[in-house]
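A look at the structure
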Amino acid sequence: MAYKITEECISCGACEPECKNEAISEGETIYVVDPDKCTGCVGWYDTPRCVEVCPIDDCCIPDPEHEETKEQLLAKWRKLNPGEEPAPGTY
Ligand code: SF4
Ligand code: SF4
């Protein structure tokens, strides 16, 4: 499942450089996640980096509008990162 950023976001910017899929950007009022690029960190980490670095609880959350299996997320990761191998234990 892709992640999303909620209205709780204080636009601190901490998450943006941590997303290795470059899925996070500054929106008009809060930071936003591009669901076409978010793999829930499948392929990179065993837990979502944006959740880890965000200072606000429950600000980066799974997006129920983008339900995906781990297999689908890994396929997305492979498309985004051609020629690379996913990190073991992340999918
Ligand atoms: S879960 Fe991972 S891939 Fe998705 S937006 Fe957060 S840091 Fe980026
Ligand atoms: S780390 Fe959290 S509060 Fe900061 S910009 Fe990202 S989502 Fe918003």
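What you are looking at is a predicted structure, and each value in this text was computed from that prediction instead of being measured.

What follows covers the packing of aromatic side chains. Counted by the stated rule, this structure contains one aromatic pair. Considering the side-chain rings of W44 and W77, the 5.3 Å spacing of their centres and the 75 degrees angle between planes classify their relative orientation as edge-to-face. With W44 in the loop between strand 3 (31–33) and helix 1 (49–53) and W77 in helix 2 (residues 70–80), this residue pair connects regions lying 33 residues apart in the sequence. Relative accessible area serves as the criterion here: at 16%, W44 is assigned to the buried category. A cation over a ring is seen here: R49 above Y45, with NZ or CZ 5.7 Å from the ring centre.

Right, let's talk about the side chain of T6 for a bit. With respect to the secondary-structure elements, T6 resides in the loop between strand 1 (3–5) and strand 2 (24–26). When sequence neighbours within four positions are dropped, the list of residues in contact with T6 reads I30, D58, C59 and I61.

The immediate surroundings of ligand 1 are formed by Y3, C19, N21, I24, V33, C38, T39, G40, C41, P48 and C50. Partitioned by chemical class, the residues of the shell around ligand 1 number eight nonpolar, three polar and no charged.

What follows deals with the nonpolar core. In terms of nonpolar packing, the biggest core is built from 16 residues, with I5, C9, C15, I24, Y31, V33 and C38 touching the most fellow members. Those elements that provide at least two residues to this core are strand 1 and strand 3. Aside from chain neighbours lying at most four places away, what touches C38 is A2, Y3, N21, A23, V33, L73 and K76.

So, on to helix 2. Residues L73, L74, K76 and W77 constitute the buried set of helix 2. Taken end-on, helix 2 shows its buried residues confined to a sector of 160 degrees, consistent with a single buried face. Summarising the geometry of helix 2, the exposed residues directed more than 90 degrees from the buried face are E71 and K79.

For the structure on display, the rule yields three salt bridges. The residue E18 makes a salt bridge to R49 at a minimum N-O spacing of 2.7 Å. In this pair, E18 is assigned in the loop between strand 1 and strand 2 and R49 in helix 1, connecting sequence segments 31 residues apart. A salt bridge links R49 to E52; the shortest N-O distance between them is 3.1 Å.

What counts as what
- Residues numbered from 1 in each chain as written.
- Chains lettered and ligands numbered in written order.
- Predicted model: local features only at pLDDT ≥ 70, side-chain atom pairs only at ≥ 80, totals over all residues.
- Heavy atoms only, no water.
- Phe/Tyr/Trp six-rings, centres within 6.5 Å; stacked < 30°, edge-to-face > 60°.
- Helix = DSSP H or I, 4+ residues; strand = E, 2+ residues; numbered from the N terminus.
- Buried < 20%, exposed > 50% of the residue type's maximum accessible area, 1.4 Å probe, protein only.
- Lys NZ or Arg CZ within 6 Å of the ring centre and 35° of its normal.
- Contact = heavy atoms within 4.5 Å.
- Near = heavy atom within 4 Å.
- Nonpolar A, V, L, I, M, F, W, Y, C, P; charged D, E, K, R; others polar.
- Core = buried A, V, L, I, M, F, W, Y, C linked by side-chain atoms within 4.5 Å.
- Arc of directions from axis to C-beta.
- Salt bridge = Lys/Arg side-chain N within 4 Å of Asp/Glu carboxyl O.

Everything listed is a geometric property; what it means functionally is a separate question.
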